[in-house]
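Chain and residue survey
Chain by chain, the residues:
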Amino acid sequence: MAVKKSDSKKQLRSLEATGFYSDFEKETCLYAALVRSPAPAGKIKSVTIPELPGGYTLYSSRDIPGSKTITANKCVTKIFGYGNVSYRGEPVGIIFGPDEERVLQLLDTVNITFDVENLESALNNVINKQTDDASNFKEFVEQINEMPSLDAVIDKSHVEENTDVIVASREVKYGLYDKLELAQADTKLFDNADFTSTDTWKEKLLTPKWQETEGAFAYTEGDKIHVFAPTRWISFTQKSVAAALGISEEQVYIHKTKTAGIYPSGLARTTQLAVQIAVASWLAKKPVKLVLSQFEQENYMVPGVLTEITYRTALDKDGHFTALKILIDIDIGCSNPFAQEITDRIAIAAASYYKPENLYISAKAHSSKNPPTSISMQIIESQAFFAIENEIQKISNQSKIFPDELRLLNAQSEVEKTKTKSKSKVKEFPFSIPTGDIQSVIQTALKQSDFNRKYASFHMEAIDRAEKDSKPFFALPLRGIGLATAYIPSGYYGQSGFTNDTKLEVTLNADEKLTIHTIKPSDVIQDIWKTSASEILQIPKQNIQINSDFAYDQIPEQPEDSYSSISIMNELVKKCCTDIQKKRFHQPLPITAKRGGTLTQKTKWDKDKFCGTPFYTTSFITTVVEVELDTYTYNEKIKGIWVTVDCGELFDEAAALRTIRLEIQQELTMLVKGKTVSCDAININFIQSDNRSGQVGGLIHNSLPAAFSSALSLALTTQLTEIPCTEDLLFQLIRDRTKEKNEIKKSEERAETKNTEETGASE
Amino acid sequence: MKIPVTLNGTKTILDAHADESLMKVLHKNGCISVKRGCNSGFCGSCTILLDDHPAASCKIPTGIVRNSDIVTLDYFVKTEEYSVIMAGFQKAGIKLCGYCTAGKVFSAYQILKSPKMPKREEIADYVKALSPCCTDLETLVNGILYSIQIFNKKQMRG
């Protein structure tokens with residue numbers, strides 16, 4: 001038995017991140033680079049290199065000893081591309097050797113041969129049929145003309161006819177949309193609406209250049225392989241490496257490394273890199289390291305999907321949304337294992353917390369010839385918030401109803417409104433977002449920023465400027481102010497790929513030391529757990545430790561982000577400690593308490609009907625941004641950012657404050673392409689409501705871009721529909737507005753002249 | 001080519017191409033505190049002390065550092081100044097991610113050894129280009145100000 005114990009101890013894998021993968025080095029380490037497909041389509045025949053110096057190796061798909069693909073959530077990804085190419089830049093091989101510079105030189109000499117046999121044979125036929133008699137040129141031309149066209153000759157059986165395939169979709173209908181045909185409902189809702197607006201919104205995530213680019217390091221030790229990678233999905237990486245090498249999972253040691261990225265993904269694509277390096281190291285029996293270049297990072301590892309959201313909004317004169325029609329187009333690249341979850345969450349967020357009288361959402365995720373995408377659980381919804389908040393700001397400008405009033409008027413559903421008046425039978429709104437005190441959060445931010453006064457003043461000034469003078473700029477800087485609200489959810493009940501089986505084990509040992517066994521969270525959350533446990537069990541904080549060691553076959557199956565739901569985990573820690581405290585003086589130590597995510601909460605969300613309360617809790621934010629635009633240099637400057645947050649019970653205000661401030665600073669580097677927007681003042685307030693405590697990370701990313709673009713739109717007197725903005729985009733917007741204005745002026749003048757002429761003639 | 005330098009207090013010969021980035025060469029030579037960030041000399045991840053001045057090693061070709069005195073963070077952690085800086089950072093609640101540490105510590109060191117007491121805005125201006133990967137500007141400035149306080153107190157006692 002004792003032998004068994006020591007064996008199982010040896011097999012423990014720590015899930016705690018240590019060091020950066022690029023810092024790990026071993027003697028005789030070889031450096032790798034990925035051979036990438038130069039074309040976005042075609043059938044690969046071979047990947048070869050004419051001359052390979054000693055010590056340098058090139059491997060492609062055919063060299064992989066085990067499975068040539070990895071499968072996540074039924075989404076199959078080739079480890080090295082073979083057969084049909086999926087996208088330009090798809091890795092089709094790996095080249096490595098002792099000198100990094102030489103490897104990069106050799107990379108340029110790699111030959112990727114595509115299947116052109118059919119094309120060649122067609123041309124050969126023509127050449128073979130050519131008669132030697134050069135004078136018989138006319139006949140030769142006829143022969144060529146008689147040949148079938150290349151389109152008919154080339155074997156297209158392997159060519160993907162349609163790469164643009166819908167991989168996930170979601171449709172939500174409420175109100176008239178649920179009762180009538182789409183076109184009928186549209187006519188009824190929009191034709192006689194007091195105010196309508198239609199626009200398409202795009203938000204793209206810029207990759208910060210300061211972070212460590214992705215990659216991996218691997219070395220072999222007898223029949224074991226050690227892989228160092230910034231993965232956030234260890235079980236999947238372990239399984240994929242074992243399958244690719246055709247070995248047991250027990251022989252695979254995945255060492256999680258730190259990541260310096262803002263929104264780390266570390267999921268399927270990181271696993272693909274880890275497997276590629278593991279294959280190279282396993283076959284060469286030497287340590288191999290791969291560090292992606294900045295270009296590769298930006299082009300192939302950018303985390304998010306590309307989303308275009310089109311809103312059609314109808315508003316009555318009292319400021320109620322009579323209809324909200326939302327069409328969402330999501331480009332997931334050539335693959336994404338989380339396509340359905342992304343589609344669902346963007347669809348939910350597209351309506352935010354607003355409850356229009358009639359709602360139609362159609363979200364479709366399609367594949368394309370772009371590189372595969374990943375997911376950052378923390379920021380899935382940001383593109384939807386950017387779209388809806390700008391749409392509201394736009395229609396607020398049209399209807400001349402203050403942005404805060406418009407938001408608050410539409411935060412309550414028809415059912416909630418009628419409940420207070422009479423008991424009418426109106427169908428429940430599909431989504432019930434557990435937000436806290438929305439009104440207080442919005443009002444505090446407005447008060448702090450003096451929003452309404454500034455908004456009215458900038459708005460009047462903008463209208464005046466647009467009406468009186470078509471010149472785009474004055475000498476004075478242009479000013480604008482924007483407001484955006486958003487939430488960040490914790491604990492999504494509709495997970496498609498994994499069960500939300502969050503688990504936690506707490507043990508109070510005989511020496512009165514407490515061990516919390518789970519994946520280690522951030523330092524701040526660790527501190528919160530320790531404080532809670534120390535209060536419940538009356539033990540010093542230094543006696544509490546968090547253990548992240550798991551046996552190789554007991555590593556949690558779901559990605560780590562599923563564990564980032566701070567509120568659920570906090571509750572579990574508290575419940576475990578309370579359980580221990582109850583037993584503590586009745587039974588001998590050690591006492592262990594185990595808890596998992598409770599199933600009863602999941603019933604609030606109806607997965608099949610796609611309605612109910614989709615999240616365990618949310619944190620709510622209101623962000624106000626005041627912007628100044630230099631009329632000569634097109635330089636944006638933020639005069640102030642006012643933020644109010646309701647994240648329920650606040651465990652560590654100083655840490656939350658630091659997180660918000662840091663996120664603001666990070667966001668300022670991503671709003672405008674190629675530069676950091678400067679900011680004069682930042683004001684942050686917290687409101688503690690009865691709502692369950694939620695996370696603060698990600699709130700700024702969900703709200704600041706929308707507030708910034710709204711402010712900039714007001715300053716420019718034209719609508720900015722995408723972020724990040726560029727000087728070119730601003731110039732184009734101004735030019736278009738001026739052009740439009742001039743055309744209207746001209747047509748008015750023409751009409752006036754015509755009228756005068758007609759009057760003259762009649763006289 | 002062979003390039004003689006004093007690396008972390010020891011006379012060393014660096015074996016590198018003259019145009020190879022000093023960042024890569026130092027990292028290969030075991031100085032893992034020198035990290036690749038923006039590769040443009042702004043973010044600070046590759047900062048070293050070149051003849052006692054902070055410099056972005058990603059922009060320095062190895063050929064030009066012949067006979068220079070190079071100190072990386074791997075060695076600097078043993079100095080008293082480092083302890084002072086980290087004490088100041090800790091007081092401000094800074095928890096560095098480990099990737100940007102060299103840039104932030106060496107910037108603080110440069111300010112610390114300046115004979116003039118810098119204003120808050122001057123410090124902010126000096127460090128604002130550093131990567132905001134783990135620490136916001138205000139907290140970093142607070143950390144540096146605390147470091148200056150601790151440093152001055154120590155010197156007064158000395």
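Remember, predicted model here, so these are calculated numbers, not experimental data. (Residues numbered from 1 in each chain as written. Chains lettered and ligands numbered in written order. Predicted model: local features only at pLDDT ≥ 70, side-chain atom pairs only at ≥ 80, totals over all residues.)

**Brief notes about the overall build of chain B**
Looking only at helices and strands, one finds six helices and five strands in chain B. Ordered by position from N to C terminus, the α and β elements of chain B give β-β-α-β-β-β-α-α-α-α-α. Computed over the C-alpha atoms, the radius of gyration of chain B is 16 Å, within 12% of the 15 Å expected from 2.2 N^0.38 for a compact globule of 158 residues. With respect to the three principal axes, the spread of C-alpha positions in chain B is 45 × 35 × 25 Å. Looking at chain B as a whole, 46% of its 158 residues qualify as buried. Considering only intrachain contacts with a sequence separation of at least 6, the fraction spanning at least 24 residues in chain B is 64%. (Helix = DSSP H or I, 4+ residues; strand = E, 2+ residues; numbered from the N terminus. Rg over C-alpha atoms; globule rule 2.2 N^0.38 Å. Buried ≥ 20, exposed ≤ 12 C-beta atoms within 10 Å, placed from the backbone. Contact = placed C-beta atoms within 7 Å.)

**Let's talk about the overall build of chain A**
Along the backbone of chain A there are 21 helices and 31 strands. By the burial criterion, 45% of the 763 residues in chain A qualify as buried. For chain A, long-range pairs separated by at least 24 residues make up 82% of all intrachain contacts whose partners lie at least 6 apart in sequence.

**Topic: the packing of helix α11 (residues 339-350) of chain A against helix α12 (residues 382-399) of chain A**
For any two helices packed against each other, one specifies the inter-axial angle together with the distance between the axes. Residues and elements named next belong to chain A. Put simply, α11 and α12 touch, their axes get as near as 8 Å, and they point 25° apart. Looking at the two axes, α11 sits roughly parallel to α12. The way α11 lies across α12 gives a crossing that is right-handed. Each of Ile346, Ala349 and Ala350 in α11 lies in contact with α12, whose residues at this interface are Gln383, Ala384, Phe385, Ala387 and Ile388. Per-class residue counts for the contact of α11 with α12 are seven nonpolar, one polar and no charged. (Axes fitted to C-alpha atoms, helices over the stretch in contact; angles between N-to-C directions. Parallel < 35°, antiparallel > 145°, perpendicular 65-115°, else oblique. Left-handed = near helix turned anticlockwise from the far one by under 90°. Nonpolar A, V, L, I, M, F, W, Y, C, P; charged D, E, K, R; others polar.)

**Side note on the sheet that holds strand β3 (residues 47-50) of chain B**
Residues and elements named next belong to chain B. Strand order across the open sheet formed by five strands is β2-β1-β5-β3-β4, with mixed pairing between neighbours. Only two strands of the sheet have a single partner each, and these edge strands are β2 (10-15) and β4 (53-56). On average, each strand axis in the sheet is tilted by 45° relative to the strand beside it, whichever way the strands run. Sheet topology note: the β3/strand β5 (residues 69-71) ladder contains two bridges and is antiparallel. Counterpart to Leu50 in the pairing with β5 is Ile70. Helix-sheet contacts for helix α4 (residues 101-112) involve β3 and β4, and the interaxial angle to β3 is about 40°. (Pairing = 2+ DSSP bridges.)

**So, the confidence of the model for chain A**
All names here are of chain A. The pLDDT averaged across chain A works out to 85; a share of 85% of its residues lies at or above 70. Scored below 50 in pLDDT, residues 1-8 shows one contact in the model against residues more than four places distant or in partner chains. Within the model, the stretch residues 157-161 combines pLDDT values under 50 with four contacts to residues more than four positions away or in other chains. (pLDDT = per-residue confidence, 0-100.)

**Structural notes on the interface of chain B and chain A**
Tallying the contact residues gives 20 residues for chain B and 17 residues for chain A. The residue makeup of the side of chain B that touches chain A, split by class, is eight nonpolar, eight polar and four charged.

**A few points about the domain arrangement of chain B**
Residue and element names in this part refer to chain B. Under the domain assignment, chain B is made up of domain 1 (2-75) and domain 2 (80-157). Placing a centre on the C-alpha atoms of domain 1 and another on those of domain 2 gives a separation of 22 Å. Looking at side-chain class alone, the side of domain 1 that touches domain 2 contains six nonpolar, five polar and one charged residues. (Domains from an automatic or database assignment.)

**Here we look at unusual backbone geometry**
The omega angle of the peptide bond from Leu589 of chain A to Pro590 of chain A is 0°, so this bond is cis rather than trans. Mapping Pro590 of chain A onto the fold places it in the loop between α18 (566-584) and β24 (591-596). The residue after Ile723 of chain A, namely Pro724 of chain A, is reached through a cis peptide bond having omega 5°. The topology assignment puts Pro724 of chain A in the loop between β31 (722-723) and α21 (727-762). We note that Thr717 of chain A has phi near 60°; this positive angle belongs to a residue other than glycine. Following the sequence through the fold, Thr717 of chain A ends up in the loop between α20 (699-716) and β31. Non-glycine residue Asp52 of chain B carries a positive phi angle of around 70°. Assignment of secondary structure puts Asp52 of chain B in the loop between β3 and β4.

**A closer look at the packing of α12 of chain A against α20 of chain A**
Residues and elements named next belong to chain A. Running from N to C, α12 and α20 cross one another at 35°; their axes reach a closest spacing of 8 Å. The interaxial crossing formed by α12 with α20 has right-handed handedness. Contacts from Ser382, Phe385, Phe386, Glu389, Asn390 and Gln393 of α12 reach α20 at His701, Asn702, Ser703, Pro705, Ala706, Ser709 and Ser710. Looking at the contact of α12 with α20 residue by residue, the classes come out as four nonpolar, eight polar and one charged.

**Observations regarding the pairing of strand β16 (residues 306-315) of chain A**
All names here are of chain A. Looking at chain direction, strand β11 (residues 195-203) and β16 are connected through eight bridges and run antiparallel. Counted as the bridge partner of Thr198 is Arg312 from β16. Where β16 meets strand β17 (residues 321-331), ten bridges bridge the pair, whose relative direction is antiparallel. Within the sheet, the bridge partner assigned to Ile309 lies in β17 and is Ile328.

**Structural notes on the nonpolar core**
The nonpolar side chains of soluble globular proteins are, as a tendency, buried together. Residues and elements named next belong to chain A. Residues Ala32, Ala216, Val227, Ile277, Ala278 and Ala350 are the most contacted members of the largest nonpolar core, which totals 229 residues. For this core, the element with the most residues is α20, which contributes eleven residues. Non-local contacts of Ile277, meaning those with residues more than four positions away in its chain, are made with Ala32, Ala216, Phe217, Ala218, Val227, Val288 and Leu290. (Core = buried A, V, L, I, M, F, W, Y, C linked by C-beta atoms within 7 Å.)

**Re the environment of Ala350 of chain A**
Residues and elements named next belong to chain A. Inspection of the secondary structure puts Ala350 in helix α11. By C-beta crowding, Ala350 is classed as buried, having 28 other C-beta atoms within 10 Å. Taking the C-alpha atoms as reference, Ala350 lies 10.0 Å from Thr310; in sequence the two are 40 residues apart. Residues within four places of Ala350 in sequence aside, it is in contact with Ile309, Ile326, Ile328, Ile361, Ala384, Ala387 and Ile388.

**Here we look at the confidence of the model for chain B**
For chain B, per-residue confidence averages 93 on the pLDDT scale, and residues scoring 70 or more make up 99% of the total. The ipTM value of the predicted complex is 0.92, and its pTM value is 0.87.

**As for the pairing of strand β6 (residues 75-78) of chain A**
Residues and elements named next belong to chain A. Where strand β5 (residues 69-72) and β6 come together, four bridges link them in antiparallel fashion. When the bridges of β6 are listed, Ile70 appears paired with Thr77. Hairpin remark: β5 followed by β6, antiparallel, with two residues in the connecting loop; positive phi at Asn73, about 55°.

**Quick word on the sheet that holds strand β18 (residues 359-366) of chain A**
Read from one edge of the open sheet, six strands run β10-β18-β17-β16-β11-β31 (chain A), paired in mixed fashion. Bordering the open sheet on either side are β10 (166-174) and β31 of chain A, each of which pairs with just one other strand.

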